[in-house]
Structures are given as structure tokens and as C-alpha cells.
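An overview of the molecular structure
In case you want the letters, here they are:
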Amino acid sequence: MTQKSKIVYTLTDEAPLLATYSFLPIVEAFTATAGIEIETEDISVAARILANFPEFLTEEQRVKDSLAELGKLATAPEANIIKLPNVSASVPQLKGAIAELQAHGYKVPDYPEAPQNDAEAAIKAKYAKILGSAVNPVLREGNSDRRAPKAVKNYAKANPHSMGAWSADSKTAVASMESGDFYGSEQSLTVAEATDVKIEFVAQDGTTTVLKASTPLKAGEIIDSSVMHLNALKSFVAKTIAEAKAQGVLLSVHLKATMMKVSDPIIFGAIVEVYFAAVFEKYAALFAELGVNTKNGLGDVYAKIAGNAQEAEVKAAIDQAIENGPALAMVNSDKGITNLHVPSDVIVDASMPAMIRTSGQMWNKEGKAQDTIAIIPDRSYAGVYTATIDFCKKHGAFDPTTMGSVPNVGLMAQKAEEYGSHDKTFQMSANGVVRVVDVNGNVLMEQAVEANDIFRMCQAKDAPIQDWVKLAVNRARLSATPAVFWLDENRAHDRQLIEKVNLYLKDYDTTGLDIRILNPIAATEFTLERIIKGLDTISVTGNVLRDYLTDLFPILEVGTSAKMLSIVPLMNGGGLFETGAGGSAPKHVEQFVTEGYLRWDSLGEFLALGASLEHLGQTLNNEKAIVLSETLDQANDAFLKNDKSPARKVGQIDNRGSHFYLALYWAQALAAQTKDADLQAIFAPIAKELTENEAKIDAELIGAQGKAQEIGGYYQPNPALVSKAMRPSTTLNAILDKISALKTA
Ligand SMILES: NC(=O)C1=CN([C@@H]2O[C@H](COP(=O)(O)OP(=O)(O)OC[C@H]3O[C@@H](n4cnc5c(N)ncnc54)[C@H](OP(=O)(O)O)[C@@H]3O)[C@@H](O)[C@H]2O)C=CC1
Ligand SMILES: O=C(O)CCC(=O)C(=O)O
Ligand SMILES: [Mg+2]
């Protein structure tokens, strides 16, 4: 071995971070036997805030910029990164993290919502880099390959999750705009030669303002522009509110305010303003004085009005508006938190599948399930959910014991498409046109806008597109499964992509492969017709559908996207191994803190570790790593067969118990294998001891449940306290310690 065997394991937030305190010591102990060093990098919201404001901190409080380091590493061939889900913070979450850090003695600046001077504007600009999906786009220097491994699929078939029945007369539907949205205004082109473009606004009086001075483009890059017209959005929302009320169903809103951190909070705010129009009209002056910002949701009204003389009156007016309107879908009916409280509470990729799994219903304020009109304003991808809902109305709910699977190959590298558009998204201050102009003064695109409209430009580079087509062909070949490119011939951007796909497919021998291009609605229908026959279909999609479909299908097929194998083959040869395809499960933390039970399912971490070890073994010729990966695979199988995933309630196995069983099965598999005698010798006594102590360890872990936990913080919990809470079995800890002793013996 010439190069050091190293895996970087990320420390993130919420449930996955808690789980890491229990799982990482197991990973470190096992992988050390193959000479692998595990390095941790903290990319939590809290750490990212600290890394960005060293000038506000004491020498000892300063931390390095782990995200920047990892972003660099992701472009290096030796990268081997295991990435857990992290919080993509909305403004209310960011403020929460800042307040907690300040309480912990870190003098980071307050978030200046309305900067009063240059210094505050600079602080706000730094915080803007931390907001929303600030991590994933930096690390994703490759396209994604997400699927449910066979063992996971078989487990779901044998142990199906609950699935709410669907009725043909369900009133649930998706509501989208008919015009005036991004879909309706999209323009797109491919630049033949490398160039640089600026985005400028020309007002009606001719004054020109540069919105973004430089966006370098590579040869063959696709760019597009589109506009969401706010007036059209608001009339659509008003119409939909009336429809929901007339039909007696709930109203819900599904956006991606994290990834689309500039556009979607504005859209969310516009919906809040229309739903609560009476309140916003009546208290316009007061809200202006208090600086209410609807981009942060209804929650911002409550936060800003707190303690004001008119607090009770405003709250009563809000209640009245809800009484008058269609009932709102609830995020938490016990606490009275509605769908319109916080933009990051209802995120379309997870919320729509959860609804489809629950008979197409969401929770009303009594905590009962009810049909809903789900607002997804833009038409670009909403049709996928309409088609799925229509399919369920016609065929009933999907059956996890028989349904097929839908792996995904997603275009994602180098901030592809909408998910890379933050820095090219602007809300307009006046009427006029926005132009995209190249260095030679050619106007490449021009969009007419009115005040308040949202203009957006996106990019998709050619090399990632080529890589994506290659991955799709490989996946289709490896799994002998039809592959469908979900591309819409009615969208300007997709027409550019279709041309490239057809061109690059010629680079491969596709004989015997079934590769098609269908628009998203036709692709959904094609895929669902197959799925109910038990047949698999690979979805090959752009960045947004990658995100949506890798929650939709896993949630329907295996109950959660936490069980996905999620690999990002980095374009420069490294590997990024994402754990599952879901998020950081804030609800789980609440349960852990109140009752000492963590129901986070770490299967995604187990699968990612297996893939990471395999990659390391192959690229560095580390035979022991290959053995660790093969035996971990066997352990995962045993883990699923014996049903050792966390349950949901105190007294049953939780996240910590599931880690113990993984360690037990992994050690047993290592003791049983004969490929590597050293590993066999190390793990034979360990497997024996873990096996003999199973009941004792189990009892220690279950005995630790059922009481409130003190972990010293939410965004920046105390490491010693979390470690103590997450590692309550002294017997297990002692056995793990012996592995390193045996290794060095
Ligand atoms: N890759 C990434 O970094 C991602 C990050 N996020 C971020 O996560 C946060 C929360 O997002 P949200 O949309 O609420 O989605 P989540 O996936 O965090 O939560 C939705 C629900 O999914 C279930 N779930 C998700 N993961 C697991 C798991 N490993 N084990 C068991 N159940 C799981 C839980 O349901 P239940 O408790 O009912 O079982 C959970 O409440 C946001 O900040 C978001 O930006 C979101 C997606 C990906
Ligand atoms: O980065 C984020 O905010 C979410 C990412 C996500 O949902 C996904 O990759 O599936
Ligand atoms: Mg997602």
C-alpha cells in the first residue's frame, strides 16, 4: 500500500449526529484492523457558523472550515467520504443555531434580517452561504446512483410497512398554475464555445442594473432562464384556496425551500400572504413596523408580535382567517403548527410521498387524516405526483409485498440545473426585462418581468451530462433493467438535454438494452404500470427529480428512504457515499430527549460504509478492506433477516440496539471467513464474547431507555453528554475496546 487508507466520516446534525456517537466507535474499531484511518469532519450548521466568523471568536473557539476542505477533497481522486444528512437551515433554524451558540459563549453575530450598514450587510452575506442546502451541492462533484439493494427490497416484501388504502373518490389532488410559472416561461440554449455571461435588468426607463456580473460557461454547457410571475402565482393561490374550501378538504403547500433557498421562501411567503390576506391588509402598518417577513412563514408573525400590545388581537385575527379559509394541513396538530408556519417544515420530496402512503391524506387540526389539495405551484415536476395520485385512485394503494423497484441515476454534478441556481435567482424590484448577455454583447436570453417576479437562471455542464448518460447505460446493463430518461419535450431545457442524451448514447453499445425517453407524466405511468406487476424500472433524471423520486419510490416501496444505497461516483475518481436518501429527522431528536429512545434507522450508514470499504479496497488494493466490506454485506443481510432495525417505542430495540446487532453479525461474519487469517484471529474471540453477552448488552441498552436525556444543546450538543447517552452499555464498550488491543497484539 502506497497511499494511506483513509475514510472521512461527516459529523452532521440532529438524529444522524446522535446515531454517529454510537455507530462511529464501532466503525473505528472494526476498520482499524485493516489499517484504515477514520477522520471526522464537522459540517453541522453550528460548525459552519463558527467556521465563517473566526473574528468573533477566541483563539480556542475557532474551528477550521471543514466544508471547504471536503469540497476540495471531493475533486481529488483519493476522496472517500461518508456523508450523513445535514440540516439545510431555514432562517428560523439559523437564528435558533445562532442563539444556542451565543448561549454556549460563542460571540457570533446576530442574523441581521434588515442590514442597517455595510458591516451588517457583510454578515448577512456570510450567513446566506450557510443557509439552505449549503453542503450537498459543494460535495456532490459527481452524479448519483441511488437504489434499494436486493436484501432491503426482500426484507420489505417479507415485512411490509403500513400503507393507507386509497379510494377512487378521494378528493386529494395536486394544484399547479396554468401559466405564469417557471415551466411556462423557460428558455434554454447550449453554448458552443466557452464564454462568460452577465445577468442584467433593464428597467422600463432604460436604466440597467447588473444582477450578476460574471458566470463563466464551458463549451457545450446548457443554460436556461425562467420567471415565476408573482401576480399570476397569487391569483392561482386565491383560486385554489376557494376550491379547497368549496370541496371541504385541507389545503397544503409543498415546496423545497432548502435547496431552492432564494425562490421558494418567496413563493411560500406569497402563499402565506394570500391565505392570510385579511390579516395582512388590516395590520399592514404594524407588520411593516415589526419587520414581519413572510418568507419565514406564519411563524415569523408569531415571533415578531410576541409581547406587543396587539398580540392577542393579531392572534385572534389569524385564528379567524383559518376559521374562514379552507382548513390548513398541520405539521403538528397538538402544538397547533400549520403547514404555513415554517418554510422548512414541509419539504416536497418527503412530504408528498408521506401523504401518498397515508391514503392521500394529511393531518387536520384535530389530528385526524383528511383529503387535501396540495399546492405545488410550478408545473415542471408536479405532474409526477398528479399521475401517481391518479394511479392510486384507479388501482388502490401499492402493495409493498409485490411491487417492483425504481432505482435512480440522477444528474447532479457541479451544481446542475435548478439546485445550482441560488446565485442566479433574483426577485425583481420593478417592471422591465432581464437579459443574459455574453462577453461579446450578444443577448442570449431575455425575459419580461414585473416587480416582485422571480427570475432564475440555471446551468448544466456538458461533462456531468456525459457522465450521467454513461452511468445510466452502466446501471441498465448491470441490472438488466429498462431505463427511462424522464425528460419533457415541452420544456426548453429538456429539449437541449434530449439532444445531448441521443448524441451521447451513441458512444455506447446499447444492444439488448431498453432505453427510452419519456416526459415525466408518461414516465410515471410507464413505471407505475410496471411496478404493480413487480417489475423494476430505472429512472434517469435531472437533479430535482433525482431528489423527488428517491424519496417517493423508497417511501412507497420500503417505507423510508433511509434504507437506500446512495452512491456518488465522483467525476475525478473518488467516492462520496451518502447515507440513505432522507433527511435529519428532527422529530426523532425530540423523542430521544424526552424519552431516551432514538428511532433513527442507520441502515443507510451501514450500506454507505460497505460501499466505501469496497471502493477503498479496490482503489488502494487493500485486501482487508474488501473482506471487511464483504462481511459487512453479510452482516447487513443477517441484520435484516433477524429484523434488528429500530422499532418506534420505548422498550423495543432502538438505534443503539441496532448498532450492537450490526457489530455482532459483522464480527461473526469476520470470524467465519477464511480469506484473511489475521482478521479471523482478531474477530473470533470478539464474536464469541459479543454472542455470549447478547442478552446482557441488550438489557443494558433497553434499560437506558424511558427517561429524559440531557445532551447540552440541539445544534451544538455536548460531545461528552451525547456520547454517554448514546453508549450506555459498558459491556459492549469494553468489548469494542478489546478489538484495538487485539489488533496491536
Ligand atoms: N442528504 C441530506 O443532507 C438531506 C437533508 N435533509 C434535511 O433534513 C431536515 C429534515 O427534512 P425533512 O424533509 O423533514 O425529511 P426527513 O427525512 O428528515 O424526515 C421525514 C421523516 O422521514 C423519516 N425518516 C427519515 N430518515 C429516517 C431514518 N434514517 N430512520 C427512520 N426514519 C427516517 C422520519 O419519519 P418517522 O419518524 O415518521 O419514521 C422523519 O420524520 C431538513 O433540514 C432537510 O433539509 C433532507 C433530505 C436530505
Ligand atoms: O440538501 C438538501 O437540502 C436536501 C437534499 C435531498 O433532499 C436529497 O439529496 O435527497
Ligand atoms: Mg431528498
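The rules behind these values
- Residues numbered from 1 in each chain as written.
- Chains lettered and ligands numbered in written order.
- Predicted model: local features only at pLDDT ≥ 70, side-chain atom pairs only at ≥ 80, totals over all residues.
- Heavy atoms only, no water.
- Near = heavy atom within 4 Å.
- Polar contact = N/O pair within 3.5 Å; in protein donor to acceptor, adjacent residues only side chain to side chain.
- Areas by Shrake-Rupley, 256 points an atom, 1.4 Å probe, with all protein chains shown as cover.
- Nonpolar A, V, L, I, M, F, W, Y, C, P; charged D, E, K, R; others polar.
- Domains from an automatic or database assignment.
- Helix = DSSP H or I, 4+ residues; strand = E, 2+ residues; numbered from the N terminus.
- Contact = heavy atoms within 4.5 Å.
- Buried area = accessible area lost by both parts, 1.4 Å probe.
- Salt bridge = Lys/Arg side-chain N within 4 Å of Asp/Glu carboxyl O.
- Pairing = 2+ DSSP bridges.
- Axes fitted to C-alpha atoms, helices over the stretch in contact; angles between N-to-C directions.
- Buried < 20%, exposed > 50% of the residue type's maximum accessible area, 1.4 Å probe, protein only.

Next up on the list: the site of ligand 2. The full set of residues close to ligand 2 is Ser88, Ser133, Asn136, Arg140, Arg146, Lys256, Thr258, Met259, Asp349, Arg546, Asp547 and Ala581. Contact distances for ligand 2 include 3.0 Å between an oxygen atom and a side-chain N or O atom of aspartate 349. Separating an oxygen atom of ligand 2 from a side-chain N or O atom of aspartate 547 is a distance of 2.8 Å. Expressed as a share of its isolated accessible area of 290 Å², the protein-covered part of ligand 2 is 89%. Taken together, the residues of the shell around ligand 2 sort by class into two nonpolar, four polar and six charged. Among the domains, domain 1 (6-141 + 570-744) and domain 2 (173-182 + 229-395) are the pair contributing at least three residues each to the shell around ligand 2.

Here we come to the site of ligand 1. With respect to spatial proximity, 22 residues lie near ligand 1, and among them Gly583, Ala585, His588, Arg599 and Asp601 are the closest. Contacts to ligand 1 include lysine 83, whose side-chain N or O atom sits 3.2 Å from an oxygen atom. Take arginine 599: an N or O atom from its side chain is 2.5 Å from an oxygen atom of ligand 1. For ligand 1, the accessible surface in isolation is 870 Å², of which the surrounding protein chains cover 82%. For the shell around ligand 1, the element with the most residues is helix H21 (residues 586-595), which contributes three residues. Of the residues that constitute the shell around ligand 1, the class distribution is eight nonpolar, nine polar and five charged. In terms of domain composition, the shell around ligand 1 takes at least three residues from each of domain 1 (6-141 + 570-744) and domain 2 (173-182 + 229-395).

All right, on to the domain arrangement of the protein chain then. Accessible area lost upon the coming together of the parts serves often as the stated size of an interface. Assigned domains within the protein chain: domain 1 (6-141 + 570-744) and domain 2 (173-182 + 229-395). Domain 1 puts 16 residues into the contact, and the matching count from domain 2 is eleven residues. In total, domain 1 and domain 2 occlude about 860 Å² of area from one another, counting both sides; carbon and sulfur atoms represent 48% of this. Between domain 1 and domain 2 we count two salt bridges in total. The residue lysine 304 makes a salt bridge to glutamate 113 at a minimum N-O spacing of 3.3 Å. The tally of links between domain 1 and domain 2 comes to nine residue pairs in polar contact (both at pLDDT 80 or more). Elements supplying a minimum of two residues to the side of domain 1 that touches domain 2: helix H4 (91-103), helix H5 (118-130) and helix H6 (136-139). Its residues placed into classes, the side of domain 1 that touches domain 2 shows five nonpolar, six polar and five charged.

This paragraph deals with unusual backbone geometry. Of note in this structure, glutamine 414 is not a glycine but carries a positive phi near 55 degrees. Looking at the element boundaries, glutamine 414 is found in the loop between strand S15 (408-410) and strand S16 (425-427). Positioned with a positive phi, aspartate 643 is a non-glycine residue whose angle comes to about 55 degrees. Structurally, aspartate 643 is set in the loop between helix H23 (623-641) and helix H24 (655-672).

A separate point is the sheet that holds strand S7 (residues 195-203). Read across the sheet, four strands follow the order S8-S7-S17-S18 without closing on themselves; strand pairing throughout is antiparallel. Of all the strands in the sheet, just strand S8 (208-217) and strand S18 (443-449) have a single pairing partner and so form its edges. For this sheet, the mean inter-axis angle between neighbouring strands, taken without regard to orientation, is 15 degrees. Pairing geometry for strand S17 (residues 432-438) and S18, over six bridges, is antiparallel.

Once that is clear, we can look at the side chain of serine 5. Residue position: serine 5 is located in the segment before strand S1 (6-11). Judged by its relative accessible area of 3%, serine 5 is buried. Of the polar contacts made by the side chain of serine 5, one reaches the side chain of asparagine 622; its length is 3.1 Å. With near-sequence residues (within four places) excluded, serine 5 lies in contact with Gly35, Ile36, Glu37, Leu616, Leu620 and Asn622.

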